[in-house]
Amino acid sequence: MDNKSVEELIIKKYQDEEKTMIHLFIEWCRNHQLDPHTVYHLAYPEQEKNSLLTEILEEVDQQAPLNIPDHTLLEVLQYFGNDELAFVIVDLIEKWSKQ
């Protein structure tokens, strides 16, 4: 396997894993009756609407919901270096625990 093929394989694997992360985020939002775009915007207010988030949201809406524990989502977000979104999730969890 040449370097270009290895590079393409690594990129493809990362993209697949990124989709899994987004899927888990969407499912977590569904578990808490939150709009994923709204929560995402809290973490990244300067960004336009995330097209991959929209694409996966449309796919997920056709499926039965999955129960995603808070700690699982946080671990996955941190694995991908998605710290801003993880901080927003932690803030939401802390607000709920105070109610």
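Details of the structure are given in the entry above.
Here's a quick rundown of the structure. All of these numbers come straight from a predicted model, not from anything done at the bench. The residue count restarts for each chain, going from 1 along the sequence in the order it is written. Local features in a predicted model are, by the rule used here, given only for residues with pLDDT of at least 70; side-chain atom pairs are given and counted only at 80 or more, and totals for whole chains, interfaces and linings are based on all residues. Excluded from the side-chain calculations are hydrogens and water; all other atoms, namely the structure's heavy atoms, are used.

Re the packing of helix H2 (residues 36-43) against helix H5 (residues 83-98)
Direction vectors running N to C along H2 and H5 enclose 115°, while the axes themselves pass 8 Å from each other. As the angle between them shows, H2 and H5 are arranged roughly perpendicular. Viewed along their axes, H2 and H5 form a crossing whose handedness is right-handed. Each of Val39, Tyr40, Leu42 and Ala43 in H2 lies in contact with H5, whose residues at this interface are Glu84, Leu85, Val88, Ile89 and Leu92. Note on geometry: axes are lines fitted to C-alpha atoms, helical ones only across the stretch in contact, with angles between N-to-C directions running from 0 to 180 degrees. Each helix is a run of H or I in the DSSP string that is no shorter than four residues. Each strand is a run of E no shorter than two, and both are numbered from the N terminus. Roughly parallel covers angles under 35 degrees, roughly antiparallel covers those over 145, roughly perpendicular covers 65 to 115, and oblique covers all other angles. Two helices crossing with the near one rotated counterclockwise from the far one by less than a right angle form a left-handed crossing, whereas a clockwise rotation gives a right-handed crossing. Any two residues whose heavy atoms approach within 4.5 Å are treated as being in contact.

Comments concerning the pattern of salt bridges
Note on definitions: salt bridges are taken to be side-chain nitrogens of Lys or Arg within 4 Å of carboxyl oxygens of Asp or Glu. Under the counting rule described, the total for this entry stands at three salt bridges. Note that glutamate 17 is salt-bridged to lysine 13, the shortest N-O span being 2.8 Å. You can see glutamate 17 and its partner lysine 13 sitting in helix H1 (residues 3-31), four residues apart, about one turn around the helix. Burial here depends on accessible area, computed with a 1.4 Å probe over protein chains only, as a share of the maximum for the residue type. Under 20% is buried, over 50% is exposed, and the range in between is partly exposed. Among the residues examined, lysine 13 registers a relative accessible area of 52% and is labelled exposed. Among the salt bridges present, the one from glutamate 27 reaches arginine 30, with a minimum N-O distance of 3.4 Å. With a gap of three residues between them, glutamate 27 and arginine 30 both fall in helix H1, about one helical turn apart. Residue class for arginine 30 comes out partly exposed when judged on its relative accessible area of 24%.

Limitation: the analysis is restricted to geometry and does not speak to function.
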